[in-house]
Amino acid sequence: MKQRVLALALAAALLLGGCAPQAAPGPELHRYEASFLTLFDTVTTIVGYAESREEFQATAQAFHDELLEYHQLFDIYHDYDGMNNLKTVNDRAGGDPVAVDPRIVELLLFCRELEALTGGRVDVTMGSVLSLWHEARSAGVDDPEHAALPDRAALEAAAEHTGFSLLELDREASTVRLTDPLARLDVGAVAKGYAVERACRSAPAGLLVSVGGNVRATGPKPEGDAPWVVGVQRPDGGRQDYLHTLYIDRQSVVSSGDYQRYYTVDGARYHHIIDPETLSPGTLWRAVTVVCPDSGLADGLSTALFLLPREEGEALARRCEAQAMWVSTGGELFYTDGFLELVRT
């Protein structure tokens, strides 16, 4: 049975109402919101306009159902009946090629390009390393008194089993193979944004979607072509405490920061964004926000720019025709040249 989405009366964090659309000839449209809670381990919210609640609910349900397929295909933690997903690929590492849905192959081809584009800062073959940090963080959150860092020797040993040279992709046969039995894929830095982008491309125009803060507009509001307003959360601030609010209409907004998933060891915070060069959490920035049309690219860039010095990050953003904002460890803000043109407040 398909899971039903739940209509909400209030906007989710990071989705702001902005100005109401201007009246125009034609059917009267009403603003609706829907939310569901089980995909990509986060809250998904859809905001849009329709003539009736039933019409909007059908749109939201279709979006949910498509995103559910991507969630299951890209899941590295759970099995699903009748499906070879990324967990299957990891479980069969070192064995024969695994026949998969073509969408998995396309994701991994995109990830390979992104790894080259970012100089290795976004590398989905780092699963063997990231799993050690994930286990340490989970244990530390469950038992803060005994929180500990992953063993350094274990991290270095795991890093020997990473790299795209270990990943064989066959688009024609739609197969994936990890040649090293100890290699693992972890697409957490890319999969959510990539899935949102693909689902939005088949969705009606004029929606605003947030999947755990990965925000994507499929077009301006349908009446008056008014832009949507999106808030960029202040690190350590409340849900409505924004550094800026931005106007967007056909863009995505993605933020990465040290305040989102972390644990504390001996008074120091260790977050989830791991630098492939140091095998440890990045320390250059508190947060980075990226704005560009493609949500998958924005997701990957937000991670890369978080791990890169500002000059290198700016060069990468320009190459990708993206806008970005950095929050330094001291709270200072830096911007690409075009970012402030998007700022409402």
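The structure presented is a predicted model; accordingly, all values stated were derived computationally and were not measured.

Colleague: How would you sum up the overall build of the protein chain? Please name residues and give values.
Modeller: Helix and strand counts for the protein chain stand at eight helices and 19 strands. Taken over C-alpha atoms, the radius of gyration comes to 20 Å for the protein chain, in line with the 20 Å a tight globule of 345 residues would show. Here the protein chain, with 345 residues, has 53% of them falling under the buried criterion. For the protein chain, restricting intrachain contacts to residue pairs at least 6 apart in sequence, the fraction spanning at least 24 positions comes to 62%. Carbon and sulfur atoms make up 49% of the accessible area of the protein chain, which amounts to about 15,800 Å² in all. Here the protein chain carries 29 positive and 50 negative side-chain charges, and the mean point of each set is 3 Å from the other.

Colleague: Explain the packing of aromatic side chains to me, using residue names and the numbers behind them.
Modeller: Inspection of the entire model under this criterion finds 10 aromatic pairs. Arranged with centres 5.8 Å apart and planes meeting at 25°, the rings of Tyr 32 and Phe 56 form a pair that is stacked. Of this pair, Tyr 32 sits in strand 3 (residues 30-36) while Phe 56 sits in helix 1 (residues 53-73), placing them 24 residues apart in sequence. Three or more aromatic residues joined by ring pairs make a cluster, and in this case those are Tyr 70, Phe 74, Phe 110 and Tyr 194. Taking the ring centre of Tyr 194 as reference, the NZ or CZ of Arg 198 above it sits at 4.0 Å. Looking at Arg 269, its charged tip hangs above the ring of Tyr 262, at a distance of 4.0 Å from the centre.

Rules and cut-offs
- Every chain begins its residue count from 1, and numbering advances along the sequence as written.
- Totals for whole chains, interfaces and linings use all residues, but because this is a predicted model, local features are given only for residues with pLDDT of at least 70 and pairs of side-chain atoms are given and counted only at 80 or more.
- Only hydrogens and water are removed before side-chain values are computed, so all heavy atoms of the structure are retained for them.
- A run of H or I in DSSP becomes a helix once it reaches four residues, and a run of E becomes a strand once it reaches two; helices and strands are each numbered from the N terminus.
- The reference for a compact globule is 2.2 Å times residues^0.38; the radius of gyration itself is calculated from the C-alpha atoms.
- Throughout, exposure labels follow a simple rule: accessible area from a 1.4 Å probe, protein chains only, divided by the maximum for the residue type, with under 20% read as buried, over 50% as exposed, and the rest as partly exposed.
- Pairs of residues are marked as contacts when any of their non-hydrogen atoms sit within 4.5 Å.
- With residues, only the protein chains shown are counted as cover, and all accessible areas are computed by Shrake-Rupley using a 1.4 Å probe.
- In this count, Lys and Arg are taken as positive residues and Asp and Glu as negative ones, while His and the chain termini are left out.
- Each charge is placed at NZ for Lys, CZ for Arg, CG for Asp and CD for Glu.
- Within 6.5 Å between ring centres, the rings of Phe, Tyr and Trp (the latter by its six-membered ring) count as paired, and their orientation is classed by plane angle as stacked under 30 degrees, edge-to-face over 60, tilted in between.
- Our definition puts a charge over a ring when NZ of Lys or CZ of Arg is within 6 Å of the ring centre and also within 35 degrees of the ring normal.

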